[in-house]
Amino acid sequence: KSTLVMNGDLITDANFTEIMAHHRQCQAVATMCVVPYEIQLPYGIVEIDGDLLSKVCEKPILQAYANAGIYVLSPSAVSRIPKGEHFDMPQLFNCLRDEEQKTVAYVIKEQWTDVGDLKELERVRRQHSRSMDEVVKPLYLKAEAPAREA
């Protein structure tokens, strides 16, 4: 059976059943979940050929996929991890690809947040605190309301 592995600093609504099904359908040795990522460069970027300008783009937005820190590994992928030494997931996936093993990506479309960054953790705490207040306060007020006499 394949194993789902997830970094501990993530909050996500990813559909793990779909991720596992994708891994099986693709008959992959390893699946890496990815998320769309955009970053706007703060400067105009130029391409040059020697001393000739070939292209100018003002503050472009670069689009890529970021490693989401969620993986599905087949038993054969797990067996490639050396015992007793540091070996991270990018190393494992590169090793598998070098061996021409089938590795695939699964694009997460649901909510995904890496809370390994303190600013992001605080933002999520504030967001969830407000969300919980919306749920808990009405329940509290309802429970504290005096009973009406008939």
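Refer to the preceding data block for the structure.
Residues numbered from 1 in each chain as written. Predicted model: local features only at pLDDT ≥ 70, side-chain atom pairs only at ≥ 80, totals over all residues. Heavy atoms only, no water.

1. Observations concerning the sheet that holds strand β3 (residues 30–40)
Strand order in this open sheet of four strands is β1-β6-β3-β7, and the pairing throughout is mixed. The sheet terminates laterally at β1 (3–6) and β7 (103–107), the two strands that pair on one side only. Taken over all neighbouring pairs, the strand axes of this sheet differ in orientation by 40 degrees on average, direction set aside. In this structure, β3 lies alongside strand β6 (residues 61–73), joined through ten bridges in antiparallel fashion. Looking at β6, one finds that Val34 is bridged to Asn67. Running at roughly 150 degrees to β7, helix α1 (residues 16–26) makes contact with β1, β3, β6 and β7 of the sheet. Packed onto the sheet, helix α3 (residues 89–98) meets β1, β3, β6 and β7 and runs at close to 90 degrees relative to β6. (Pairing = 2+ DSSP bridges. Helix = DSSP H or I, 4+ residues; strand = E, 2+ residues; numbered from the N terminus. Axes fitted to C-alpha atoms, helices over the stretch in contact; angles between N-to-C directions. Contact = heavy atoms within 4.5 Å.)

2. Overview of the environment of Met32
Turning to its location among the elements, Met32 is positioned in strand β3. Spatially, the C-alpha atoms of Met32 and Phe93 are 8.4 Å apart, while their sequence positions differ by 61 residues. Beyond its immediate sequence surroundings of up to four residues, Met32 is in contact with Asn67, Ile70, Tyr71, Phe93, Val104, Ala105 and Tyr106.

3. What about the pattern of salt bridges?
All told, the structure shown has three salt bridges when counted by the stated rule. The salt bridge partner of Glu99 is Arg80, with a shortest N-O separation of 2.4 Å. In this pair, Glu99 is assigned in the loop between α3 and β7 and Arg80 in the loop between α2 (75–78) and α3, connecting sequence segments 19 residues apart. Ionic pairing is found between Arg125 and Glu122, a salt bridge with its closest N-O pair at 3.0 Å. Of this pair, Arg125 and Glu122 both sit in helix α4 (residues 118–144), three residues apart, which is roughly one turn of that helix. (Salt bridge = Lys/Arg side-chain N within 4 Å of Asp/Glu carboxyl O.)

4. Notes on α1
When we look at burial in α1, the residues that qualify are Ile19, Met20, Ala21, His23 and Cys26. The elements touched by buried residues of α1 are β1, β3, β6 and β7. A side-chain oxygen of the first residue of α1 lies 3.1 Å from the backbone nitrogen of Thr17; this N-cap is Asn15. Two residues or fewer past α1, Gln27 is found with a positive phi of approximately 50 degrees. (Buried < 20%, exposed > 50% of the residue type's maximum accessible area, 1.4 Å probe, protein only. Polar contact = N/O pair within 3.5 Å; in protein donor to acceptor, adjacent residues only side chain to side chain.)

5. Overview of a nonpolar patch on the surface
On the surface, Val46, Ile48, Leu53 and Val56 cluster together to form a nonpolar patch covering roughly 410 Å² of accessible area. Relative to the helices and strands, Leu53 is located in strand β5 (residues 52–57). Looking at Leu53, the relative accessible area reads 60%, which means it is exposed. (Patch = residues over 30% accessible without salt bridge, like charges linked within 9 Å, V, L, I, M, F, W, Y side chains within 5 Å. Areas by Shrake-Rupley, 256 points an atom, 1.4 Å probe, with all protein chains shown as cover.)

6. Quick word on the environment of Phe93
You can see Phe93 is positioned in helix α3. Accessibility expressed as a relative area gives 6% for Phe93, which makes it buried. Measuring from C-alpha to C-alpha, the distance between Phe93 and Thr103 comes to 7.1 Å, with ten residues separating the pair along the chain. Apart from residues lying up to four places away in sequence, Phe93 is in contact with Ala30, Thr31, Met32, Tyr71, Leu73 and Thr103.

Read these as geometric descriptors, not functional statements.
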